[in-house]
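Structural features, examined
Single-letter residue listing:
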Amino acid sequence: MEEPHDQFAIRVRDLVVGFGRQTVLDHLSLDVRRGEILGLVGASGGGKSVLMRTIIGLIPRRSGTLEVMGRQAGGHGRGAAMAWGILFQQGALFSSLTVRQNVQFPMRENLVLSQELMDEMAIAKLEMVGLRAEDADKYPAELSGGMTKRVALARALALDPPILFLDEPTSGLDPIAAGEFDALIKTLQKTLELTVFMVTHDLASLTTVCDRVAALADGKIVAIGPMRELLQSEHPWVRAYFHGKRSQMLQHEMR
Ligand SMILES: Nc1ncnc2c1ncn2[C@@H]1O[C@H](COP(=O)(O)OP(=O)(O)OP(=O)(O)O)[C@@H](O)[C@H]1O
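Now for a look at the structure at hand. The structure displayed is predicted, hence computed values, not measured ones.

For any two helices packed against each other, the geometry is given by the interaxial angle and the distance between the axes. At a minimum axis distance of 7 Å, the contact between helix 3 (residues 99-110) and helix 5 (residues 145-156) shows a crossing angle of 30°. Taken together, helix 3 and helix 5 sit at an angle that is classed as roughly parallel. Note on packing geometry: the crossing formed by helix 3 with helix 5 is right-handed. Two secondary-structure elements touch here, helix 3 through Val99, Asn102, Val103, Phe105 and Pro106 and helix 5 through Val151, Ala154 and Arg155. Here the residues of the contact of helix 3 with helix 5 sort into six nonpolar, one polar and one charged.

Another aspect to go through is the sheet that holds strand 9 (residues 212-217). Reading across the sheet, the six strands line up as 6-7-8-3-9-10 and stay open at both edges, with mixed pairing between neighbours. For this open sheet the edge positions go to strand 6 (84-87) and strand 10 (220-225), each flanked by a neighbour on one side alone. Ignoring which end each strand starts from, the neighbouring axes of this sheet average 20° apart. Pairing of strand 6 with strand 7 (residues 163-167), which is carried by four bridges, proceeds in the parallel orientation. Paired with isoleucine 86 across the bridge in strand 7 is phenylalanine 165. Packed on one face of the sheet, helix 1 (residues 48-55) meets strand 3 (37-42), strand 7, strand 8 (195-199) and strand 9 and runs near 145° to strand 8.

Here the focus is the environment of leucine 25. Mapped onto the secondary structure, leucine 25 falls in strand 2 (residues 22-33). Since 27 C-beta atoms lie within 10 Å of it, leucine 25 is described here as buried. In this structure the C-alpha to C-alpha distance between leucine 25 and tryptophan 237, which are 212 residues apart in sequence, comes to 16 Å. Once residues within four sequence positions are removed from consideration, leucine 25 is found in contact with Leu15, Val16, Val17, Gly47, Val50, Leu51 and Gly219.

Within a beta sheet, neighbouring strands are joined by backbone hydrogen bonds and run either parallel or antiparallel to one another. Ordered in space as 2-1-4-5, the four strands form an open sheet in which the pairing is antiparallel. The open sheet has two edge strands with one neighbour each: strand 2 and strand 5 (71-72). Sheet topology places strand 1 (residues 8-19) next to strand 4 (residues 63-68); five bridges connect them, and they run antiparallel. Bridge assignment links valine 16 to a residue of strand 4, and that residue is serine 63.

In this section: the site of the ligand. Taken together, Phe19, Val24, Gly42, Ser44, Gly45, Gly46, Gly47, Lys48, Ser49 and Val50 form the complete shell of residues around the ligand. Looking at the shell around the ligand element by element, the count peaks at three residues for helix 1. Residues belonging to the shell around the ligand are distributed by class as follows: three nonpolar, six polar and one charged.

Rules and cut-offs
Residues numbered from 1 in each chain as written. Predicted model: local features only at pLDDT ≥ 70, side-chain atom pairs only at ≥ 80, totals over all residues. Axes fitted to C-alpha atoms, helices over the stretch in contact; angles between N-to-C directions. Helix = DSSP H or I, 4+ residues; strand = E, 2+ residues; numbered from the N terminus. Parallel < 35°, antiparallel > 145°, perpendicular 65-115°, else oblique. Left-handed = near helix turned anticlockwise from the far one by under 90°. Contact = placed C-beta atoms within 7 Å. Nonpolar A, V, L, I, M, F, W, Y, C, P; charged D, E, K, R; others polar. Pairing = 2+ DSSP bridges. Buried ≥ 20, exposed ≤ 12 C-beta atoms within 10 Å, placed from the backbone. Near = placed C-beta within 6 Å.

What follows is the structure in C-alpha cells.
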C-alpha cells in the first residue's frame, strides 16, 4: 500500500542521470521518510554522490521526478537552499574564514540579520555540535579532523534546515571520534527532528545510527530497509558487500 505523501521528506521517481554516454542512475526510485536517518551504500563510483548532488540540484537530471518536503524540485533559489544543510566529505570549510565566519556564511547568503544576532546564532550552533565559544575565532588550519567536521555540521545547520545531507561523515576520523560524531548526529536528529540522508561506508554508522539503509547498485536502489533486513538480502551485490570477508570480519569484531 502507498504511504501518504506527507510522510516523505524526499521522493525520487524514475530518476535518470548520466554524463555523455555514461548512465549513472538508471530509473532510480527512493523515498526518504520524514524524521528518519537513511544510510546509502553502494559501490565506489556507483553514483551515491551523484544521487545526493542531483537531489540538491547541483547535477541536472535527464528524466524522472524529485520532490523535497512536498515540493517538486527543479527550482533552486532561497526556498531550496533553506530546505537542507550539507556536510561534504572533506568538510570543505573556507580556509581564509574563521570558524564563526564559516558558520555565518549561509546566514549572510540567505538572510538579512544584524551582525550581533549572527554572532549569537553562530555560537549557539557551535555549542549545539559540541564546540566551545572560544573555537569561533580559530581558522580551519587550527582544527583537528573531528572539529572540522563539527564546524561543517554547524554550518550545515546554520539555517535550521529540515533535511541534512551527509557525505561520508565519519571518513578520516579515528573510531572514537567517528563514534562520537555518530552519537552527535543521532542526538541532533532527535532534538531537531531532522531527516538525515547519509552516504557512508562505515558499518558501525550503518548499524548504530541509521533507521534504514538503502543499497545502490546498477544505477538503482536494489534493497532498502533496516540493517537487519539488508543483511538478509539475496541481491548479489548486497550480499557481497555485507557478507564479504572484510565485512564479516568487522561484524564479528563488533559483536
Ligand atoms: N561531474 C561529473 N562529470 C562526469 N562524470 C561524473 C561527474 N560526477 C560523477 N561522475 C561519474 O559518475 C559516476 C558515479 O560517481 P559518484 O561520485 O556518484 O560515485 P560514488 O558512488 O559517490 O563513489 P565513491 O564511493 O567512490 O565516492 C562515476 O563514474 C563518476 O566518474
